[in-house]
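The residues making up each chain are set out below.
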Amino acid sequence: MTDWFLDCGRELPWRTDAPRDPYRVLVSELMLQQTQVATVIDYYQRWMVRFPDFATLAAASESDVLHAWQGLGYYSRARNLHAAARVVIDKMGGVFPQEIEQIRSLPGVGPYTAAAIATFAFDQPTPPVDGNIIRVTARLCDYRKPVDTAAGGHDLRSIAQQWQPSLEEGGAGMLNEALMELGALICTPRAPRCSACPVRLFCQVQEPETLPIKRPPPKTVELDEHCGWIVHQGRVLLEQQTGKRWRGMWKLPLLTEPHSGEPLAALRYPFTNHRVNLAVFPATTPLFLAENQQWIPLEQLETIAITAPHRRALNQLIAQQGLTTGSTLD
Ligand code: SF4
């Protein structure tokens, strides 16, 4: 399995050092949550130039961090990464812990990420059970119960744990990376390439595409988001978000009353199990600004962190109305 990985594994920028540096593992793992590898590569490389280590990231402002993350979505990951860097520098004397419970105590680091850092950076036998490892494990063992339940997760973690070499034997990090890579390249959700699989002789599944079994997904719920387009003397009114998910990011101001009629701009975007219909309507300049609202000069829009759907709407509106920002917003 590891021979196959060394021959056939992808060369990814976060795999270039050996042993892998915990900072690079943490950044790549947080970026890869909910995001495709192809999208992450560019962001990761730019991030490493801008924030090459915990100390640089800890010293950065939140707006710089959010700006560098802009477009990757799920911004709590960026805020957690920033907070984790500050804990490592301020509370751990700049030394990243090797003990899994201490790794887990860092902001934004759950059981999966802690296991990934422990195994990739410190070669510990802690399988990071992600979607790829779940699929490969379920198929190898022909596990025919739902995997997205507490019992299913427990069973698959136990099986993956049994395959781990001890710390003394070494090689757990590479084995886990190989399992994940097998899931990404060969044992794919659809059309797995079993004839090219390095572990096909041990595989018990007859119909791989029927596994893993999952519970039915929650229904998608439609949501309307009606916002206002208010431009005055070359500045646009935006509001900074205070809720958990988008905290610190800017959006067009939310209209208090739902609007009907033809919007100036409209687009749809997914949000957890919701599908949001964003519509932007012309609105009048308010007499007083709310605490979180601010007039932003059009030429400064590129320098602040705006949620991706709202940036797309802003780009549409600016192009549609022939306004200039001094540069492109993407
Ligand atoms: S033989 Fe096929 S189903 Fe089994 S692990 Fe390999 S790719 Fe997956």
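Going by the structure above, here's the rest.
Rules used throughout
- Numbering of residues starts from 1 in each chain and follows the order in which that chain's sequence is written.
- Local features in this predicted model are restricted to residues of pLDDT 70 or higher, and side-chain atom pairs are both shown and tallied only at a pLDDT of 80 or more, whereas totals for entire chains, interfaces and linings draw on every residue.
- Values shown for side chains rest on all heavy atoms present in the structure; no hydrogens or waters enter the calculation.
- Put simply, DSSP marks the helices as runs of H or I at least four residues long and the strands as runs of E at least two long, and each gets a number from the N terminus on.
- Burial classification: accessible surface area is computed with a 1.4 Å probe over protein chains only, and a residue below 20% of its type maximum counts as buried, one above 50% as exposed, and the rest as partly exposed.
- Throughout, a residue-residue contact means that at least one pair of heavy atoms, one from each residue, lies within 4.5 Å.
- Methods summary: accessible areas were calculated by the Shrake-Rupley approach with a probe of 1.4 Å, and residue burial reflects only the protein chains presented.
- When charges are tallied, Lys and Arg are placed among the positive residues and Asp and Glu among the negative ones, while His and the ends of the chain are skipped.
- The atom standing in for a charge is NZ when the residue is Lys, CZ when it is Arg, CG when it is Asp and CD when it is Glu.
- Polar contact criterion, stated in full: a pair of N or O atoms within 3.5 Å, where within protein one must be able to donate a hydrogen and the other to accept it, and residues adjacent in sequence count only if both atoms are side-chain atoms.
- Angles shown run from 0 to 180 degrees and are taken between the N-to-C directions of axes, each axis being a line fitted to C-alpha atoms and, for helices, limited to the stretch in contact.
- For this classification, under 35 degrees means roughly parallel, over 145 means roughly antiparallel, 65 to 115 means roughly perpendicular, and everything else is oblique.
- Put simply, Ala, Val, Leu, Ile, Met, Phe, Trp, Tyr, Cys and Pro go in the nonpolar bin, Asp, Glu, Lys and Arg in the charged bin, and everything else, Gly too, in the polar bin.
- Given the number of residues in a helix, its expected span is that number minus one, multiplied by 1.5 Å.
- Residues are counted as near a molecule or strand when any one of their heavy atoms sits within 4 Å of it.
- Salt bridge, as used here: a side-chain nitrogen of Lys or Arg that lies within 4 Å of a carboxyl oxygen of Asp or Glu.
- Only buried residues count toward a nonpolar core, which is a set of Ala, Val, Leu, Ile, Met, Phe, Trp, Tyr and Cys residues joined through side-chain atoms within 4.5 Å.
- For the domains described, the bounds stem from an automatic or database domain assignment.
- Stacked, edge-to-face and tilted are the three classes for Phe, Tyr and Trp ring pairs, Trp counted by its six-membered ring, which pair at centre distances within 6.5 Å; planes under 30 degrees apart are stacked, over 60 edge-to-face, the rest tilted.
- The pairing criterion is simple: DSSP has to find at least two bridges between the two strands.

(A) Broad picture of the overall build of the chain. Secondary structure assignment for the chain yields 12 helices and 7 strands. Summarising its shape, the C-alpha atoms of the chain cover approximately 70 × 50 × 35 Å along the three principal directions. Evaluated residue by residue, the chain yields a buried proportion of 46% over its 330 residues. For the chain, contacts bridging at least 24 residues in sequence account for 66% of all contacts bridging at least 6. Working note: accessible area of the chain is about 17200 Å², and carbon and sulfur atoms make up 52% of it. Where the 31 positive side-chain charges of the chain centre and where its 34 negative ones centre are 5 Å apart.

(B) Quick peek at the side chain of N132. Its location among the elements puts N132 in helix 9 (residues 131-140). A distance of 2.6 Å separates the side chain of N132 from the side chain of R135, its partner in a polar contact. For N132, the residues in contact, after removing those within four places along its chain, are M180, G183 and A184.

(C) Representation of the packing of helix 8 (residues 111-122) against helix 11 (residues 172-185) in the model. Orientation of helix 8 relative to helix 11, taken along the N-to-C sense of each, is 125°, at an axis distance of 7 Å. Between helix 8 and helix 11, the angle falls in the class oblique. In contact with Y112, T119 and F120 of helix 8, helix 11 contributes A172, G173, N176, E177 and M180. Taken together, the residues of the contact of helix 8 with helix 11 sort by class into 4 nonpolar, 3 polar and 1 charged.

(D) Structural context of helix 12 (residues 308-320). Between the first and last C-alpha of helix 12 there are 18 Å, a value that for 13 residues agrees with the 18 Å anticipated at 1.5 Å per step. Those residues of helix 12 lying buried are P309, H310, R311, A313, L314, L317 and I318. In this structure, the buried residues of helix 12 make contact with strand 1 (221-229), strand 3 (235-240), strand 4 (250-251), strand 5 (265-271) and strand 6 (274-282). Immediately beyond the C-terminal end of helix 12, within one or two residues, lies G322, with a positive phi of roughly 65°.

(E) Representation of the site of the ligand. Around the ligand lies a shell formed by R139, L140, I186, C187, C194, C197, R200, C203, V205 and P208. Here the shell around the ligand is built from residues that sort into 8 nonpolar, no polar and 2 charged.

(F) Expanded view of the pattern of salt bridges. Within this structure, the stated rule accounts for 10 salt bridges. The salt bridge involving D148 is made with R215; its shortest N-O contact spans 3.8 Å. Here D148, found in the loop between helix 9 and helix 10 (150-162), pairs with R215, found in the loop between helix 11 and strand 1; they are 67 residues apart in sequence, far enough to count as distant. Residue D148 is classed as partly exposed on the basis of its relative accessible area of 29%. Through salt bridges with shared partners, one network takes in R10, R15, R20, E177 and E181.

(G) Expanded view of the nonpolar core. Ranked by size, the top nonpolar core spans 66 residues in total, and within it M31, W47 and W69 carry the most contacts. Here this core spans two domains, and each of domain 1 (2-210) and domain 2 (221-320) adds at least three residues to it. Each residue touching W47, except ones within four places of it in the same chain, is listed here: Y23, V27, M31, P52, L57, V65, A68, W69 and L81. Grouped together as the second largest cluster of nonpolar side chains are 21 residues, V236, L252, L298 and I304 included.

(H) Main features of the packing of aromatic side chains. Going through the model one piece at a time under the given rule, you end up with 8 aromatic pairs. Between Y75 and W246, the ring centres sit 6.1 Å apart and the planes meet at 45°, which makes this aromatic pair tilted. Here Y75, found in the loop between helix 5 (62-69) and helix 6 (76-90), pairs with W246, found in the loop between strand 3 and strand 4; they are 171 residues apart in sequence, far enough to count as distant. The exposure class assigned to Y75 is buried, which follows from its relative accessible area of 1%. Here W246 and F271 contribute two aromatic rings whose centre-to-centre distance is 6.2 Å and whose plane-to-plane angle is 25°, an arrangement assigned as stacked. Residue W246 is located in the loop between strand 3 and strand 4, and its partner F271 is located in strand 5; the two are separated by 25 residues in the primary sequence.

(I) Here's a closer look at the sheet that holds strand 6. Reading across from one edge, 1-6-5 is the order of the 3 strands in this open sheet, with mixed pairing throughout. If you trace the sheet from one side to the other, it starts and ends with strand 1 and strand 5, each paired once. For this sheet, the mean inter-axis angle between neighbouring strands, taken without regard to orientation, is 25°. As defined by bridge partners, strand 5 adjoins strand 6 across 7 bridges and the pair is classed as antiparallel. Opposite A265, over in strand 6, you have V280 as the bridge partner.

(J) Representation of helix 11. If you check helix 11, its first and last C-alpha atoms are 20 Å apart, about what 14 residues at 1.5 Å a residue would give, namely 20 Å. In terms of burial, helix 11 is a largely internal element, 11 of the 14 residues being buried. Those residues of helix 11 that sit buried are A172, G173, L175, N176, E177, A178, L179, M180, E181, L182 and G183. Here the buried face of helix 11 lies against helix 1 (2-8), helix 8 and helix 9.

In short, the description is geometric, and any link to function would need to be established separately.
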